[in-house]
Amino acid sequence: MSTGYVGSATSITATDIPALYEGAKFYSPAVGDASKASLVSWVTDLLERNGPVMLVRPEGLSPQVHCVSLCVIGSGAALADLPPSGDEFVLAVRELEHLMHRRFGAVYPLAAATVSALVPLAAASQLDVPLLDADGMGRTFALIHHTSMRLAGLSPAPLAVRGPTGETVTIEVRAPARADALLRSNVETLGGWAALASYPCTAGDLRRAALPSTVSRLINVGRLLLEPIGADVLVARLAALTGCRRIGRGRIVELEHLSRPSDVTIPAHPSSVVIDEIGGQGRLFRLELRSEIVAVFADGVLAAAAPDLVCLVDVLRGELATLDSLEPGDVVDALVMPADAVWYSAEGLAMVGPASHGIPLDHPRRR
């Protein structure tokens, strides 16, 4: 069944999974395909066995229905080395239900991007509940309190993490920023990655706090990415569908792996990519990387920055270029797409804007 950006309900079938995966990668282009085969096969098999999963916006449920977010937390490499056995996400939900003495009637992605867009779908199939067409980020951010739910005053706690070792940890915190520090120390012990169930709330809460239609748009974008078209056509169609724009096209001339100090709360090491523009104004682009591309400088001037989503298209292959695939000599298009509007508020920029990544400059939208 076709899905769209609007509508009160639809469904996701097994045939939608490849497009869902590609769209999820577009909204977090730092991540490669190490765990693609096993995850796509797992979710596809579930939907072939159990049938389609209903996709519903929060407005399509009674406001009293209890909902919970799901995501993968930890290392992508660890997830590839130790794939899910299949029940981690359901058991994280069940642990939270036991702790809170309530039953969840729907699940939703904490971040509708990366593999964290697929696992709520799998859990919805296993639990026989709807998947909400909404999330808390509209892409990915580094920390679990970087969500629209948190901006709206909702707490991520209590939360539960279930590891591939078969162990579960539950956490209750008063300060949301403490959740990540406690989580990551436990996740390492649990096997390097874990299933996270968090932000328990009602559908009524999510009507005001979540970002709508962020799951269905993944399928729309993914279908486009799966089409065998060249880079110019791909970029034009992505622009029409997502609102992204091309900053420039150029050749990668340098990949820098730097040792600059980074805020310990951000789980990434600063590095940079330098691109020499082909044609256009002949500019030199410098892309600042953390766990994603957080800023683009054009001849030293800040041209785009988080929460903007910046991604690269491999011009020769006509496909997305993930950060772990880049090599000197590659010709790429640098695309920038605006994030959801909530992230450009003063509170949103304070949470995920340039300064949060150690870049003490005003966002280009605030000039």
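Let us look at the structure shown here. For clarity, every value in this text was computed on a predicted model and none was experimentally measured.

### Regarding the overall build of the protein chain
Okay, step 1: When helices and strands are counted, the protein chain shows 11 helices and 18 strands.
Okay, step 2: Relative to the globule expectation of 21 Å for 367 residues, the C-alpha radius of gyration of the protein chain, 20 Å, shows essentially globular dimensions.
Okay, step 3: With the C-alpha coordinates of the protein chain rotated into their principal frame, the extents come out at 60 × 40 × 40 Å.
Okay, step 4: Taking all 367 residues of the protein chain together, the buried fraction comes to 59%.
Okay, step 5: The contacts of the protein chain with a sequence gap of at least 6 include a subset with a gap of at least 24, amounting to 72%.
Okay, step 6: Per element, the accessible surface of the protein chain, about 14,700 Å² overall, is 52% carbon and sulfur.
Okay, step 7: Charge separation in the protein chain, taken as the distance between the mean sites of 30 positive and 39 negative side-chain charges, equals 5 Å.

### Description of the packing of helix 1 (residues 17-26) against helix 9 (residues 216-225)
Okay, step 1: Viewed as axis vectors pointing N to C, helix 1 and helix 9 meet at an angle of 95 degrees, and their least axial separation amounts to 7 Å. In terms of their interaxial angle, helix 1 and helix 9 are classed as roughly perpendicular. Contacts from A19, L20, E22, G23, A24 and F26 in helix 1 reach L218, I219, V221, G222, R223 and L225 in helix 9.
Okay, step 2: Among the residues forming the contact of helix 1 with helix 9, the class breakdown is 8 nonpolar, 2 polar and 2 charged.

### Describing the pairing of strand 9 (residues 193-202)
Okay, step 1: With 10 of 10 residues buried, strand 9 lies mostly within the body of the structure.
Okay, step 2: Inspection of the sheet shows strand 3 (residues 66-74) paired to strand 9 by 8 bridges, in the antiparallel sense. Within strand 9, the residue paired with V72 across the bridge is A195.
Okay, step 3: Across 3 bridges, the pairing between strand 7 (residues 159-162) and strand 9 is antiparallel. Note that in strand 9 the partner of R162 across the bridge is A195.

### Structural notes on the side chain of E88
Okay, step 1: For E88, the location among the structural elements is in helix 4 (residues 88-100).
Okay, step 2: Buried charge E88 goes without a salt bridge, the closest partner of opposite sign being R162 at 6.8 Å.
Okay, step 3: Here G86 takes part through its backbone nitrogen, which lies 3.1 Å from a polar atom of the side chain of E88.

### Points about the nonpolar core
Most often, soluble globular proteins keep nonpolar side chains buried together rather than apart.
Okay, step 1: Counting 67 residues, the largest nonpolar core has I12, F26, L47, F89, L121, L131 and L238 as the members making the most contacts within it.
Okay, step 2: With residues near it in sequence (within four places) discarded, L121 still touches I12, I17, L20, V43, L47, V53 and L131.

### A word on helix 7 (residues 178-190)
Owing to its 3.6 residues per turn, the α-helix aligns residues three or four sequence positions apart on the same side.
Okay, step 1: Between its first and last C-alpha atoms helix 7 spans 19 Å; for 13 residues at 1.5 Å apiece the expected length is 18 Å, and the two agree.
Okay, step 2: On the buried face of helix 7, the contacting elements are strand 3, strand 7, strand 8 (168-171) and strand 9.
Okay, step 3: Backbone geometry just downstream of helix 7 places G191 in the positive-phi region, at approximately 130 degrees.

### So, the packing of aromatic side chains
Okay, step 1: One pass over the structure, following the stated rule, counts 4 aromatic pairs.
Okay, step 2: Taking 4.8 Å as the distance between ring centres and 70 degrees as the angle between the ring planes, the aromatic pair formed by F141 and W343 counts as edge-to-face. Here F141, found in the loop between strand 6 (134-135) and helix 6 (148-151), pairs with W343, found in the loop between strand 18 (331-337) and helix 11 (346-352); they are 202 residues apart in sequence, far enough to count as distant.
Okay, step 3: Among the aromatic residues, those joined into a cluster by ring pairs are W42, F89 and W193.

### Points about the pattern of salt bridges
Okay, step 1: Taken as a whole and assessed by the stated rule, the structure comprises 19 salt bridges.
Okay, step 2: Notably, a salt bridge pairs D232 with R249, separated by 2.6 Å at the nearest N-O pair. One end of the pair, D232, is in helix 10 (residues 231-242); the other, R249, is in strand 11 (residues 245-257), with 17 residues separating them in the sequence.
Okay, step 3: Residue D232 is classed as partly exposed on the basis of its relative accessible area, which comes to 47%.
Okay, step 4: The exposure class of R249 is partly exposed, given its relative accessible area of 22%.
Okay, step 5: A single network of salt bridges, built from pairs that share partners, joins D232, R246, R249 and D333.

### Some details on helix 10
Okay, step 1: With 12 residues, helix 10 extends 16 Å between its outermost C-alpha atoms, agreeing within 8% with the 16 Å of an ideal straight helix rising 1.5 Å per residue.
Okay, step 2: Remark: G243 follows helix 10 within two positions and exhibits a positive phi of approximately 85 degrees.

### A closer look at unusual backbone geometry
Okay, step 1: For the peptide bond that leads from A157 to P158, omega is -5 degrees, which places it in the cis range.
Okay, step 2: Mapping P158 onto the fold places it in the loop between helix 6 and strand 7.
Okay, step 3: A cis amide bond, omega 15 degrees, links A306 with the succeeding residue P307.
Okay, step 4: The phi angle at Y199 is positive, at roughly 50 degrees, despite the residue not being glycine.
Okay, step 5: Following the sequence through the fold, Y199 ends up in strand 9.

### What to know about the pairing of strand 7
Okay, step 1: Burial of strand 7 is two-sided: the residues L159 and V161 facing one way and the residues A160 and R162 facing the other way are all buried.
Okay, step 2: Following strand 7, the chain reverses through 5 residues before pairing antiparallel with strand 8; G166 in that reversal takes a positive phi of roughly 90 degrees.

Each value, and the rule that gives it
Residues numbered from 1 in each chain as written. Predicted model: local features only at pLDDT ≥ 70, side-chain atom pairs only at ≥ 80, totals over all residues. Heavy atoms only, no water. Helix = DSSP H or I, 4+ residues; strand = E, 2+ residues; numbered from the N terminus. Rg over C-alpha atoms; globule rule 2.2 N^0.38 Å. Buried < 20%, exposed > 50% of the residue type's maximum accessible area, 1.4 Å probe, protein only. Contact = heavy atoms within 4.5 Å. Areas by Shrake-Rupley, 256 points an atom, 1.4 Å probe, with all protein chains shown as cover. Lys, Arg positive; Asp, Glu negative; His and termini not counted. Charge placed at Lys NZ, Arg CZ, Asp CG, Glu CD. Axes fitted to C-alpha atoms, helices over the stretch in contact; angles between N-to-C directions. Parallel < 35°, antiparallel > 145°, perpendicular 65-115°, else oblique. Nonpolar A, V, L, I, M, F, W, Y, C, P; charged D, E, K, R; others polar. Pairing = 2+ DSSP bridges. Salt bridge = Lys/Arg side-chain N within 4 Å of Asp/Glu carboxyl O. Polar contact = N/O pair within 3.5 Å; in protein donor to acceptor, adjacent residues only side chain to side chain. Core = buried A, V, L, I, M, F, W, Y, C linked by side-chain atoms within 4.5 Å. Expected span 1.5 Å × (residues − 1). Phe/Tyr/Trp six-rings, centres within 6.5 Å; stacked < 30°, edge-to-face > 60°.

The values reported here are purely geometric and, on their own, carry no functional implication.
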